[in-house]
Amino acid sequence: ENQKNQNFIKKIILKDIKNKRVKTVRTRFPPEPNGYLHIGHAKSIFLNFFLAKQFNGTFNLRFDDTNPKKENAHYIKNIIKDVKWLQCNLENNIFYTSSYFEIIYKYAKELIKKGLAYVDQLTKEEIRIYRGTLTSPGINSPYRKQTVKENLLLFKKMKHGHFSEGDACLRAKIDMKSPFIVLRDPVLYRILFSEHHQTKNKWCIYPTYDFAHCISDSLEKITHSICTLEFQDNRKLYEWILKNISISHRAHQYEFSKLKLEYCVLSKRKLKHLVTNKIVSGWDDPRIPTISGLKKRGYTSSSIRTFCEKIGVTKQNHIIELSLLESCIRNDLNLNTSRYMAIINPIKVYISNLEDNYSEILTVPNHPNISSMGTHTTIFSNTIYIDRYDFCENRTQFKKKLKIGNEIRLRHAYTIIAKKIIKDNNDNITEIICTYDKNTLGKNPINKKVSGVIHWIAKKNAIPAKFNLYEKLFILKDPESKEDFLKYINKNSLIIKHGFIESSILNNISEKTYQFEREGYFCVEKNCDSKQKLTFNRIVKLKKNFKN
Ligand code: ATP
Ligand code: MG
Ligand code: MG
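All values derive from a computational prediction rather than experimental measurement.

**Q** Honestly, the overall build of the protein chain in this entry has me stumped. Any pointers?
**A** If you tally the helices and strands in the protein chain, you get 12 helices and 27 strands. A compact globule built from 548 residues should have a C-alpha radius of gyration of about 24 Å, whereas the protein chain, at 31 Å, is more than 25% larger. For the protein chain, with 548 residues in total, the buried portion stands at 38%. For the protein chain, long-range pairs separated by at least 24 residues make up 70% of all intrachain contacts whose partners lie at least 6 apart in sequence.

**Q** Looking at this structure, how should I read the sheet that holds strand β18 (residues 407-410)?
**A** Pairing in this open sheet of 7 strands is mixed, and the strands run β21-β18-β19-β20-β14-β17-β22 from one edge to the other. Unpaired on one side and paired on the other, β21 (453-454) and β22 (456-458) mark the two borders of the sheet.

**Q** Even after reading the chapter, I still don't get the site of ligand 1, so can you show me in this structure?
**A** What surrounds ligand 1 is a group of 15 residues, the closest being Pro31, Gly40, Thr228, Leu259 and Lys268. Among the secondary structure elements, those contributing two or more residues to the shell around ligand 1 are α2 (39-54), β8 (224-228) and α9 (268-276). Ranked by residues supplied to the shell around ligand 1, first place goes to α2 with 4 residues. Here the shell around ligand 1 is composed, by residue class, of 5 nonpolar, 5 polar and 5 charged.

**Q** Honestly, the UniProt feature "domain: tRNA synthetases class I (E and Q) anti-codon binding" (unreviewed entry) in the protein chain in this entry has me stumped. Any pointers?
**A** Taking the numbering used here, the UniProt-annotated feature "domain: tRNA synthetases class I (E and Q) anti-codon binding" (unreviewed entry) corresponds to residues 453-524. Along residues 453-524 the backbone is 0% helical and 44% strand, and the end-to-end C-alpha distance reaches 26 Å.

**Q** Would you mind showing me how to read the nonpolar core here?
**A** In summary, soluble globular proteins display a tendency toward joint burial of nonpolar side chains. Membership of the largest hydrophobic core comes to 89 residues, with the highest contact counts inside it found for Ala42, Ala342, Tyr385, Ile386 and Ile457. Tallying contributions element by element places α2 first for this core, with 8 residues. When residues of this core are assigned to domains, at least three map to each of domain 1 (3-111 + 208-260) and domain 2 (347-357 + 377-459). The residues contacting Ala342, other than those within four sequence positions of it, are Ala465, Gly499, Phe500, Ile501, Phe516 and Glu519. Among the nonpolar cores identified, the runner-up in size contains 34 residues, and Phe101, Ile104, Val119 and Met158 belong to it.

**Q** In this structure, what is going on with unusual backbone geometry? I would like to understand it.
**A** Working note: non-glycine residues mostly have negative phi, and peptide bonds are mostly trans. A positive phi is found at His412, a non-glycine position, where the angle reads about 65°. Here His412 lies in the loop between β18 and β19 (415-423). On the basis of neighbour counts, which here come to 19 C-beta atoms within 10 Å, the residue His412 falls in the partly exposed class.

**Q** When you look at the environment of Ala212 in this model, what are you seeing that I'm missing?
**A** Looking at the element boundaries, Ala212 is found in helix α7 (residues 209-219). Take Ala212: there are 24 C-beta atoms within 10 Å of it, and that puts it in the buried class. Taking C-alpha positions, Ala212 is 7.9 Å from Thr66, a pair spaced 146 residues apart along the chain.

**Q** Got a minute to help me understand the environment of Tyr436 in this structure?
**A** Counting through the fold element by element, Tyr436 comes out in strand β20 (residues 429-437). Linking Tyr436 and Arg409, residues 27 residues apart in sequence, is a C-alpha distance of 9.3 Å. Not counting the four nearest positions on each side in its chain, Tyr436 is found in contact with Ile351, Asn353, Leu354, Tyr414, Thr415 and Ile416.

**Q** I would appreciate a short explanation of the sheet that holds strand β1 (residues 26-29) in the present structure.
**A** Note: strands within a sheet are paired through backbone hydrogen bonds, in either parallel or antiparallel orientation. Reading across from one edge, β1-β2-β3 is the order of the 3 strands in this open sheet, with parallel pairing throughout. Of all the strands in the sheet, just β1 and β3 (94-96) have a single pairing partner and so form its edges. This sheet shows a mean twist of 35° between the axes of neighbouring strands, independent of strand direction. Across 4 bridges, the pairing between β1 and strand β2 (residues 58-63) is parallel. Of the residues in β2, the one forming a bridge with Arg28 is Asn60. In the packing of α2 onto the sheet, contacts are made with β1 and β2, and the angle to β1 comes to roughly 160°.

**Q** Explanation requested: the UniProt feature "domain: Glutamyl/glutaminyl-tRNA synthetase class Ib catalytic" (unreviewed entry) in the protein chain in the structure shown.
**A** In this numbering, the UniProt entry assigns the feature "domain: Glutamyl/glutaminyl-tRNA synthetase class Ib catalytic" (unreviewed entry) to residues 25-334. Spanning residues 25-334, this segment combines 40% helix with 14% strand, and its end C-alpha atoms are found 37 Å apart.

**Q** Mind showing me how you'd approach the pairing of β20 here?
**A** Regular strands place side chains that alternate from one sheet face to the opposite one. Relative to β20, strand β14 (residues 346-351) is paired through 4 bridges, and the arrangement is parallel. The partner of Ile351 across the bridge, within β20, is Cys434. Counting the residues in the hairpin turn of β19 and β20 gives 5 residues, including Asp427, whose phi is positive at 70°.

**Q** Would you take a moment to explain the packing of helix α11 (residues 301-311) against helix α12 (residues 322-334) for this structure?
**A** Axis angle and axis distance: for two packed helices, these are the angle between their axes and the distance between the axes, and together they describe the pair. Between α11 and α12, whose axes approach to 9 Å, the crossing angle comes to 135°. Between α11 and α12, the crossing angle belongs to the class labelled oblique. Of the two possible hands of crossing, α11 and α12 adopt the one that is right-handed. Packed against α11, whose contacting residues are Ser302, Ser303, Thr306, Phe307 and Lys310, the element α12 presents Leu324, Leu325, Cys328, Ile329 and Asp332 at the interface. Partitioning the contact of α11 with α12 into residue classes produces 5 nonpolar, 3 polar and 2 charged.

**Q** Help me understand the packing of helix α4 (residues 101-113) against α7 in this model?
**A** Between α4 and α7, the least distance of the axes is 10 Å, while the angle of their chain directions is 115°. The crossing of α4 and α7 is right-handed. Residues Ile103, Ile104 and Tyr107 of α4 touch α7, and the partners they reach there are Phe211, Ala212, Ile215 and Leu219. Classifying every residue of the contact of α4 with α7 gives 7 nonpolar, no polar and no charged.

**Q** Explain the confidence of the model for the protein chain here, please?
**A** In the predicted model, the protein chain carries a mean pLDDT of 95, and 98% of its residues have values of at least 70. Taken together, the chains of this predicted complex give a pTM of 0.95 and an interface ipTM of 0.96.

**Q** Is there a simple way to think about the pairing of strand β6 (residues 187-191) in this case?
**A** Buried residues dominate β6, accounting for 4 of its 5 residues. Pairing between strand β5 (residues 169-172) and β6: 3 bridges, direction antiparallel. Residue Leu170 lies in a different strand from β6, and its bridge partner there is Tyr189. Bridge count between β6 and strand β7 (residues 205-207): 3 bridges; the pairing is antiparallel. Paired with Arg190 across the bridge in β7 is Tyr206.

What counts, and where the lines are drawn
- Residues numbered from 1 in each chain as written.
- Chains lettered and ligands numbered in written order.
- Predicted model: local features only at pLDDT ≥ 70, side-chain atom pairs only at ≥ 80, totals over all residues.
- Helix = DSSP H or I, 4+ residues; strand = E, 2+ residues; numbered from the N terminus.
- Rg over C-alpha atoms; globule rule 2.2 N^0.38 Å.
- Buried ≥ 20, exposed ≤ 12 C-beta atoms within 10 Å, placed from the backbone.
- Contact = placed C-beta atoms within 7 Å.
- Pairing = 2+ DSSP bridges.
- Near = placed C-beta within 6 Å.
- Nonpolar A, V, L, I, M, F, W, Y, C, P; charged D, E, K, R; others polar.
- UniProt positions renumbered as here; feature names shortened; annotations may be inferred.
- Core = buried A, V, L, I, M, F, W, Y, C linked by C-beta atoms within 7 Å.
- Domains from an automatic or database assignment.
- Axes fitted to C-alpha atoms, helices over the stretch in contact; angles between N-to-C directions.
- Parallel < 35°, antiparallel > 145°, perpendicular 65-115°, else oblique.
- Left-handed = near helix turned anticlockwise from the far one by under 90°.
- pLDDT = per-residue confidence, 0-100.

Structure, rendered in structure tokens:
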């Protein structure tokens, strides 16, 4: 394998194996079950999964479930479903931090006994003030001087519910003057009176992320604990804790940069806000980059994997272009989706030199250059639908469009010339009268070149269908960087259209994903029952859509 294709973490692992620091590579993905997974999590999942796989190691999914107030079993179920959908085999490697609560509690007592932790009874606000800032050192809490015996008793009282939430917490005794704020006596345990989805009412004290994470990693014998850059300083605390407790295996932490994607928010707090305030229809809304949303939109898991491979793993923070994600799904679908015609903005065209009962069956390839994908049929007759944006009233514009006196081709069929338009009382065009040239099936008319090609469906071959057209959810490239990100919502991010599809799609409806010529790739909405109108979600536009 090419050196350039190796991410920096893989290089670290290769070195660790060479130096015999590591025998079996063990990685994990540790989501907190307080929301759905998104494409940033996919980056982390693939990174951890494939590092383990390449080195014949193991990959764990571990629920970092230390805050029962924000978590639930529904999120757990969906996270497992999404990881599996990404084709990352979990076998039985699903773990919960909560199943280590007893051991973590013992390690907390060990720190107290060593004089390295104390029960603090300052208020949350006082703790914040005493902590100081980047430019001013912190101040010791008066509770820092308590004896080991006092601390053990108070910690026991915390565990047995003698304190209210916020009235006491366990803190590590490190250094209130440390240049690293995370080392200024970080909180290790806090009181939360909340039923936990796994441990029910067994506990009313819960370890913090920092305390639980390094211990959980070590208990699972994780060799490379990979997280995102904002935890860089926390590594100092990670190492401090493992150094000061008697644990046999010590995991190591490495950091890489988070995925940031244009026109999206990926922070769970912001995504949750969109869901709970009904700005989107749910965690699986096709307009948000959750795994469930992308799946509903019609993205394949292999296209998400390709995307994650392309962006690579670095320590640089930059925003990835949405067009890169779109090109990954387009390249994937281009190779295996059948082409059909769909009319999204229908307008009627009457071909005056054809009889009313005329009906010709045309055979059309399913893919322009993969003949093994077969063919389907379409019907040509005297009344057809075209897209109203393919007709142009103004004679001077758009050479390739249908307009009075201009000859264009109906895709896979004949050429037509517009002769006349019919309007209603409001000046809207209701019908276009054309003639066709019967000698132009598969060839140009004599002495002429016809440059425009438009899609169409014969009225007798048209099945009504609904189309969900998605646009960007935000009008700003980097809404994540704005606290007032809601101000930048695109009010037209979902456009619903009613039009037609070719009837032959019904014979092929199990394919689920199609290219509608000149419009884009679409997938059938899953919950679309047969009595209702068929609904198609637009996955992505074509590289060159006809309307742009
Ligand atoms: P929040 O937005 O609330 O901080 P989170 O997305 O960090 O939540 P976790 O459940 O803590 O949620 O994340 C699980 C793992 O996924 C962590 O290791 C985290 O570093 C990683 N992760 C989260 N967001 C991204 C991202 N945008 N790119 C890459 N990895 C990410
Ligand atoms: Mg989190
Ligand atoms: Mg996080």
